[in-house]
Amino acid sequence: MTEFQLGVIEVVNKVPRGKVVSYGQVALYLDMPRAARAVGWILRTAQLDTLPWWRVINNLGRISIKGNMYVDANTQKKLLEKEGIEVSKDFEIDIETYRFQLGFR
DNA sequence: ACGGTGACGAGAT
DNA sequence: TATCTCGCCACCG
């Protein structure tokens, strides 16, 4: 595990039920404001049971997962709705309503 | 060591 | 509103 991977896991685990953050927010919190894309890479390869990966969406408020062997957009949509988050049929979320503020360090 | 690959993001068309 | 482009950056072979 690299320090970056550990950092991503740690930050995502701060996001409470019913709230979401963007890939960019996670990167910013790790002092790497332009590493949003790298955050997505980490989540794609992470152990799903080590973090609430479904609470991370893109900054437009949309589920931007294309899907892999284990999960797809519908899986994420259901997990979010289970927490009370409203997700449209087009996988859109009112991010300003549900966004969790990670704050500073 | 080097280059292809994304679950990104912001601006342009 | 929907695409498209481009810069970014950690991983991995």
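Details of the structure are given in the entry above.
Nothing here was measured: the structure is a model prediction, and the numbers come from that model. (Residues numbered from 1 in each chain as written. Chains lettered and ligands numbered in written order. Predicted model: local features only at pLDDT ≥ 70, side-chain atom pairs only at ≥ 80, totals over all residues. Heavy atoms only, no water.)

A. Looking closely at the protein's contact with DNA strand B. By nearness alone, 15 residues border DNA strand B, and Tyr-23, Gly-24, Arg-44, Asn-59 and Ser-64 come closest of all. The sugar and phosphate moieties of DNA strand B supply 53% of its atoms located within 4 Å of the protein. One of the side-chain N or O atoms of Arg-37 is found 2.9 Å from a base nitrogen in DNA strand B. Between DNA strand B and Asn-59 there is a distance of 2.8 Å, counted from a phosphate oxygen to a backbone nitrogen or oxygen. At the level of secondary structure, the elements contributing two or more residues to the surface near DNA strand B comprise helix H2 (23–29) and helix H3 (36–45). A class-by-class count of the residues in the surface near DNA strand B yields six nonpolar, six polar and three charged. (Near = heavy atom within 4 Å. Polar contact = N/O pair within 3.5 Å; in protein donor to acceptor, adjacent residues only side chain to side chain. Helix = DSSP H or I, 4+ residues; strand = E, 2+ residues; numbered from the N terminus. Nonpolar A, V, L, I, M, F, W, Y, C, P; charged D, E, K, R; others polar.)

B. Representation of H3 in the model. Buried residues of H3: Val-39, Ile-42 and Leu-43, and no others. The buried residues of H3 occupy one face: seen down the axis, they fall within an arc of 95 degrees. Opposite the packed face of H3, turned more than 90 degrees from it, sit the exposed residues Arg-37, Trp-41 and Arg-44. Next to the buried residues of H3 lie helix H1 (3–12), H2 and strand E2 (56–57). (Buried < 20%, exposed > 50% of the residue type's maximum accessible area, 1.4 Å probe, protein only. Arc of directions from axis to C-beta. Contact = heavy atoms within 4.5 Å.)

C. Structural detail: the protein's contact with DNA strand C. In the region of DNA strand C, the neighbouring residues are Thr-2, Phe-4, Gln-5, Met-32, Arg-34, Ala-35, Arg-37, Ala-38, Trp-41 and Ile-42. A share of 72% of the atoms of DNA strand C within 4 Å of the protein falls on sugar and phosphate groups. One of the side-chain nitrogen or oxygen atoms of Arg-37 is found 2.6 Å away from a base oxygen of DNA strand C. Measuring from a sugar or linking oxygen of DNA strand C, one finds a side-chain N or O atom of Trp-41 at 2.7 Å.

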